[in-house]
Amino acid sequence: MTLSRLLSKPKASDYQQVDTFWFLDEGYEADSENEEDNLIIGQHIILDTETVSLNYHCLECDDMRTFNSDKEQGLRGVVVNQQTISIDCILRCQCGTVVHSWFLVEAESDFRNQSPRVRILHFREKLSENVKLQSEKYGEYTILLEKAKMAHKEGLGSGAVIYLRIIFESITKKIAVEKGIQLTKENGDRRSFKQTLVEVNEKHSIIPRAFSKNGYELFSKLSEIIHRDDKEEEALEYFGALETLVTGIIDNVKQTEELKSAFEKINDLQI
């Protein structure tokens, strides 16, 4: 895997092996006792000639697009120390819209080694007014999903998952109110979310069929990650899967409502 391809993937806490991207003078071997040998702090270097590719919602194109770095210029970085490289990267949509991104890449030992193991230590991006992280297709939940994605990109796993849980709770309670399902018990105490979810799903089927039997387990997993400090790395690792499940719920609800609306229109036809 090239360094560019690693930068195109979601940030992960573990080190991953990449192709050699530091080409040394013949016969040179990195020596931990002579760390400054052939290493100039602040030196600009070309890392590889592949492209970094990240997806954004381009308002100019009105669609999710892949933004790519310039392959002709190659991927360039600045040496911070023997383990760390700072990489500035301009990503461009085919329409010309750009995103400025910055990566701080850390090697497990010395990034000059053969096929080093590295990870993204920090990632920042500057979005223009014509770029969004998330498509607008999720309506009122778009902003929450965008905040979740932003938190994840910042390395805040639990923070990202909190937004996903808020969406899950919000959808469930909204459908409950629409279907006349009580959110409280007769004594005024709040019903358990599990009870509400089961009843809502029976009347509206908000949980996609693929994991309908495990709907509450999803909520429990979201809650467990939020409330346990030792789950931060797990939150970052499984964010993509949890996001897919939550957006699946949004899509399922939206599809059900669209089908219902279409059915009502058909019934209104005068034949």
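The structure reproduced in this document is the subject of the present report. (Residues numbered from 1 in each chain as written. Predicted model: local features only at pLDDT ≥ 70, side-chain atom pairs only at ≥ 80, totals over all residues. Heavy atoms only, no water.)

What follows deals with the environment of Lys9. Relative to the helices and strands, Lys9 resides in the loop between helix H1 (3–7) and strand S1 (16–17). What makes Lys9 partly exposed here is its relative accessible area of 33%. For Lys9 and Leu54, which are 45 residues apart along the polypeptide, the C-alpha to C-alpha distance reads 8.0 Å. (Helix = DSSP H or I, 4+ residues; strand = E, 2+ residues; numbered from the N terminus. Buried < 20%, exposed > 50% of the residue type's maximum accessible area, 1.4 Å probe, protein only.)

The end-to-end C-alpha distance of helix H3 (residues 157–178), which contains 22 residues, comes to 32 Å, matching closely the 32 Å that a straight helix rising 1.5 Å per residue would cover. Taken as a whole, H3 has its buried residues at Gly157, Ser158, Ala160, Val161, Leu164, Arg165, Ile167, Phe168, Ile171, Thr172, Ile175 and Ala176. Just downstream of H3, Gly180 is the residue with a positive phi angle, here 70°. (Expected span 1.5 Å × (residues − 1).)

On to helix H4 (residues 193–204), then. A rise of 1.5 Å per residue sets the reference length of H4, with its 12 residues, at 16 Å; its end C-alpha atoms lie 16 Å apart and thus fit the reference within 8%. Where H4 is concerned, the buried positions are Phe193, Thr196, Leu197, Val200, Asn201 and His204. For H4, the arc enclosing every buried residue in end-on projection is 125°, short of the 170-degree limit, so these residues lie on one face. (Arc of directions from axis to C-beta.)

Take the packing of helix H2 (residues 142–153) against H3 next. Contact geometry for H2 and H3: axes closest at 7 Å, N-to-C directions at 160°. On the basis of the axis angle, H2 is roughly antiparallel to H3. Two packed elements cross with a definite hand, and for H2 against H3 that hand is left-handed. Contacts between H2 and H3 involve Leu144, Leu145, Lys147, Ala148, Ala151 and His152 from the former and Gly159, Ala160, Tyr163, Leu164, Ile166 and Ile167 from the latter. Residue composition of the contact of H2 with H3, grouped by class: 9 nonpolar, 2 polar and 1 charged. (Axes fitted to C-alpha atoms, helices over the stretch in contact; angles between N-to-C directions. Parallel < 35°, antiparallel > 145°, perpendicular 65-115°, else oblique. Left-handed = near helix turned anticlockwise from the far one by under 90°. Contact = heavy atoms within 4.5 Å. Nonpolar A, V, L, I, M, F, W, Y, C, P; charged D, E, K, R; others polar.)

All told, the structure shown has 4 aromatic pairs when counted by the stated rule. Residues Tyr56 and Phe67 carry aromatic rings whose centres are separated by 5.3 Å and whose planes lie at 85° to one another, so their mutual orientation is edge-to-face. Here Phe67 lies in strand S4 (residues 63–68) and Tyr56 lies in strand S3 (residues 53–58), a separation of 11 residues in the sequence. In this structure Tyr56 comes out as buried when scored by relative accessible area, which is 0%. When its relative accessible area of 0% is taken as the criterion, Phe67 is described as buried. A ring pair is formed by Phe168 and Phe193, whose centres lie 5.7 Å apart and whose planes are at 85°; its orientation type is edge-to-face. (Phe/Tyr/Trp six-rings, centres within 6.5 Å; stacked < 30°, edge-to-face > 60°.)

In this structure, Asp62 is a non-glycine residue whose phi angle is positive, near 55°. Within the element layout of this structure, Asp62 appears in the loop between S3 and S4. For Ser115, which is not glycine, the phi torsion reads 45° and is therefore positive. Within the element layout of this structure, Ser115 appears in the loop between strand S7 (98–107) and strand S8 (117–127).

Two cysteines, two sulfur atoms, one covalent bond between them: this is a disulfide. Scanning the entire structure with this criterion turns up 0 disulfides. This cysteine, Cys61, is not joined by any disulfide, and Cys95 carries the nearest cysteine sulfur, 3.7 Å off. Left unpaired, Cys95 is separated from the closest cysteine sulfur, that of Cys58, by 3.6 Å. For Cys95, a relative accessible area of 39% gives the class partly exposed. (Disulfide = S-S within 2.5 Å.)

Attention shifts here to the pattern of salt bridges. A complete count under the given rule lists 6 salt bridges for this structure. Where Glu108 meets Arg117, a salt bridge forms, and the shortest distance between an N and an O atom there is 2.8 Å. On the basis of relative accessibility, which here comes to 38%, the residue Arg117 falls in the partly exposed class. Among the ionic pairs, Lys149 bridges to Glu243, the shortest N-O distance being 3.0 Å. You can see Lys149 sitting in helix H2 and its partner Glu243 sitting in helix H6 (residues 232–268), a full 94 residues away along the chain. By relative accessible area, Lys149 is classed as partly exposed at 21%. (Salt bridge = Lys/Arg side-chain N within 4 Å of Asp/Glu carboxyl O.)

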